[in-house]
Each structure stands twice: as structure tokens, then as C-alpha cells.
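Per-entry structural report
Here are the chains, one letter per residue:
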Amino acid sequence: MKILIADDDPLSRKLLEKTLGGWGHETLAVNSGGEAWKTFLSHKVNFIIADWLMPGMNGPDLCSKIRASDSSEYVYFILLTGKGRKEDIIAGLDAGADDYVTKPFEPDELRVRLLVGERILNFEKQISDKNGELVRLNARLEELARLDPLMDIGNRRSLYETIQKVHHRACRSAHVYGLIMCDIDNFKSYNDSYGHLAGDAVLRNVANSIKKCLRISDYVFRYGGEEIVIVLPDQDMGSSVTVAERIRYEVESLRIEHKSRNKGVLTVSCGVAAFDVEGNGSKWETLLECADKALYMAKSSGRNTVCSYPEETL
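So, a few notes on the structure that sits alongside this text.

About the thresholds
Residues numbered from 1 in each chain as written. Predicted model: local features only at pLDDT ≥ 70, side-chain atom pairs only at ≥ 80, totals over all residues. Heavy atoms only, no water. Salt bridge = Lys/Arg side-chain N within 4 Å of Asp/Glu carboxyl O. Buried < 20%, exposed > 50% of the residue type's maximum accessible area, 1.4 Å probe, protein only. Pairing = 2+ DSSP bridges. Helix = DSSP H or I, 4+ residues; strand = E, 2+ residues; numbered from the N terminus. Axes fitted to C-alpha atoms, helices over the stretch in contact; angles between N-to-C directions. Phe/Tyr/Trp six-rings, centres within 6.5 Å; stacked < 30°, edge-to-face > 60°. Lys NZ or Arg CZ within 6 Å of the ring centre and 35° of its normal. Disulfide = S-S within 2.5 Å. Parallel < 35°, antiparallel > 145°, perpendicular 65-115°, else oblique. Left-handed = near helix turned anticlockwise from the far one by under 90°. Contact = heavy atoms within 4.5 Å. Expected span 1.5 Å × (residues − 1). Arc of directions from axis to C-beta.

Describing the pattern of salt bridges
- Taken as a whole and judged by the stated rule, the model has 20 salt bridges.
- Note that Asp218 is salt-bridged to Arg215, the shortest N-O span being 2.5 Å.
- By relative accessible area, Arg215 is classed as partly exposed at 35%.

What follows is the structure, given as C-alpha cells:
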């Protein structure tokens, strides 16, 4: 264990260094509270033995300053003192010290107090590690709560949270954004013909193809069943239609057999809507409805196509 010693008495300091070193500890020794503070800041030390009476910054002041710091790990602090009155001991503990040892110290007593401190630091580390793991697990659970496990894209809850933020930003900063609503053509008949396991595989393949067509800043979500919604920040109607056409082409290029389709392969239809700065008063729900209407138009016109809902209606 690494231990910082702060003592202005050279004899006492050397004796501490020799004793602690003989027990296998690494020591850093300084002769003042100010030097101890600098050493604490520059070295990873979480065990300190400091003399009470030192020029400048004394032991209790050093302890108080360390307690007020933003150290990520707990620091075990022992005051070394010739003061034996009850009031002095209480004052030292009030400053934040964990323990005290009277001077001249008894090696056996010091060793016992070191062992106590070491056990406490080990216990603190175990708690910190467990808390860190809990934080990571909670973050992962929060992430999973917003993820569709089959398609590995956001779920509807995540869609609503994201689109509200994107819409608010667009209204506040006079930006545009696009929405694409995709639907796998004749997916029910695909499931009926090839089975639900094959249908699940198709959903994953389509989701992966869509993600390859998007920027890092774009968002993709499973809206329900085989419907997928893509949010495109800073994209107008023209660029959103281009993305939708690329998605339609990529899915068709998978060449997934679908006998009930005219081309004999699985395809998607896409409806596109875009929020324009002129429509700042519109709600995001309205834009979602427009994308849904555009998707209906795409399906009514024969599927495997892209349709957009006129911007002036937003």
C-alpha cells in the first residue's frame, strides 16, 4: 500500500518511513502540510499519516482540505499527535480524520490501526466497484428499454422521445428534418408462406440494410409490426426522398425470395414527409401522420415505390 507521511520532525519521519517500509508499504515522505497537499494532488495516494503540529498547514487543516477535494477515492487519514486530551482528539476527528496515533508511536498499535484502515479502504473499493457495475447495468437496462430486440433498432418509445427533441430543435433553430415511414410489402403473406422464423430473419436483414443507408446522425425505429420510421435531421423533402429511394433499392437488392410479389423478391414501400421552417407551428405528430399518408399512397400505387406528402400541407 502507498502511504503519504507528513511530519516536520526528521527523526519521527525517518522512523515512520523505516517502520512502514519494513512492513512492505511504499512511502512518500514530506516535511510540511503544504508539501503533503502538493504530493496528494500529484500522486495516487489514499492513505495519509500526518503530524498534527506542522508549520503552515497543520494536520487537521490538511485533512479538512483533502475532505473538501473532489477525490474519486476515499482517503484514510491518521493524525499523529502528542496531544492526548479528549477535546483535542475530538477536534481532530471533527476535521475529518479517521483515526489518531499518539507520539511517540508504538509499532504494534500503529500496525493494528493500519490494518483497520486497509480493511476499510478495501471495503470502500468493493462498494465503489459494485456501485460502478450497478451504474453500468442501469445504463444498459435503460438502453434496452429503448431498443427493439429483434431488429436491433429503436422502439416506439425511443421514437417519440427522439422526434420530440429533433422537432423542438428544428422549431427553435429554424432547421428542417425529414421523416420516412417504411413498410415491408406483403409481409403477412411472406410469414404465411415461409414461416415466422424466416419472417424474423427478414426483419433483421431489412433493418440492417436501412442502417447502411443512413448517416451517423440519423435515427431508425421499429414503429410496429413490419413498419419502420427513420428520422433525418437537417434533411429537406428532396434529400429525404433520395434517402428513401436508396433504402427501397437496397432492400430490393437483397434478392430475398418472395413468390407472392410480381418480381419474386421482397420489397418495401416508403412514405416521406419533411418539416419546413415555414411550418414552425406544426406538431411532430402531424408530420408523422403525413409520412403515414405518403406510405398509404405508395402502397396504393403498386408498392415497391416512394411517395411524398406535399410540403404545403404540413
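There's more to say after this.
Here's the deal with the sheet that holds strand β1 (residues 2-6)
- With respect to topology, five strands assemble into an open sheet ordered β2-β1-β3-β4-β5, the strand pairing being parallel. Each end of this open sheet is capped by a strand with a single partner; those strands are β2 (26-30) and β5 (99-102). Geometrically, the sheet is characterised by an average inter-axis angle of 20° between neighbouring strands, direction not taken into account.
- The sheet contact formed by β1 and β2 spans five bridges and is parallel. Residue pairing across strands places Ala6 opposite Val30, the latter belonging to β2.

Describing the packing of aromatic side chains
- Going through the model one piece at a time under the given rule, you end up with seven aromatic pairs.
- When the centroid spacing of 5.4 Å and the interplanar angle of 40° are considered together, the rings of Tyr160 and Trp284 count as tilted. On the criterion of sequence distance, the pair formed by Tyr160 in helix α6 (residues 156-173) and Trp284 in helix α10 (residues 284-300) is long-range, its members being 124 residues apart.
- Given a relative accessible area of 27%, Tyr160 falls into the partly exposed group.
- The buried category is assigned to Trp284, whose relative accessible area is 12%.
- Of note, Arg113 hangs over the ring of Tyr100, and the distance from its end group to the ring centre comes to 5.5 Å.
- The cationic tip of Arg156 hangs over the ring face of Tyr223; the distance from NZ or CZ to the ring centre is 4.1 Å.

Remarks on the state of the cysteines
- Applying the stated criterion to the full structure yields zero disulfides.
- Of all cysteine sulfurs in the structure, the one in Cys307 sits closest to Cys290, which takes part in no disulfide; the separation is 14 Å.
- For Cys290, a relative accessible area of 4% corresponds to the buried category.

A closer look at the pairing of strand β3 (residues 47-51)
- Extensive coverage of β3 is indicated by the burial of five of its five residues.
- Of the two faces of β3, the one carrying Phe47, Ile49 and Asp51 and the one carrying Ile48 and Ala50 are both buried.
- Bridge count between β1 and β3: three bridges; the pairing is parallel. Paired with Ile5 across the bridge in β3 is Ile49.
- Note: β3 against strand β4 (residues 76-81), five bridges, orientation parallel. Residue pairing in the sheet places Asp51 in a bridge with Leu80 of β4.

A few points about unusual backbone geometry
- Of note, the bond from Lys103 into Pro104 is cis; its omega dihedral lies within 30 degrees of zero at -10°.
- At Asn304, a position not held by glycine, the phi torsion is positive, near 50°.
- Inspection of the secondary structure assignment puts Asn304 in the loop between α10 and β12 (306-308).
- For Asn304, a relative accessible area of 13% translates into the label buried.

So, the packing of helix α2 (residues 33-42) against helix α3 (residues 59-68)
- The N-to-C vectors of α2 and α3 enclose an angle of 25°; their axes lie 9 Å apart at closest approach. The orientation of α2 with respect to α3, classified from their angle, is roughly parallel. At the point where α2 passes α3, the crossing takes the right-handed sense. Taking contact as the criterion, the partners of Gly33, Ala36, Trp37 and Phe40 in α2 are, on α3, Leu62, Lys65 and Ile66.

A closer look at helix α8 (residues 196-212)
- When the terminal C-alpha atoms of α8 are compared, their 25 Å separation across 17 residues agrees well with the 24 Å that a helix rising 1.5 Å per residue should span.
- When α8 is considered as a whole, its buried residues turn out to be Gly199, Val202, Leu203, Val206, Ala207, Ser209 and Ile210. In a view along the axis of α8, the buried residues occupy a sector of 160°, so they form one face of it. For α8, the exposed residues lying more than 90 degrees away from the buried face are Leu197 and Lys212.

A short note on the environment of Thr81
- The residue Thr81 is located in strand β4 in this model.
- Here Thr81 falls in the buried class, since its relative accessible area comes to 3%.
- Each C-alpha atom, one on Thr81 and one on Glu226, is 74 Å from the other, the two residues being 145 residues apart in sequence.
- Ignoring any residue separated from it by four or fewer positions in sequence, one finds Thr81 in contact with Trp52, Tyr100, Val101, Thr102 and Lys103.

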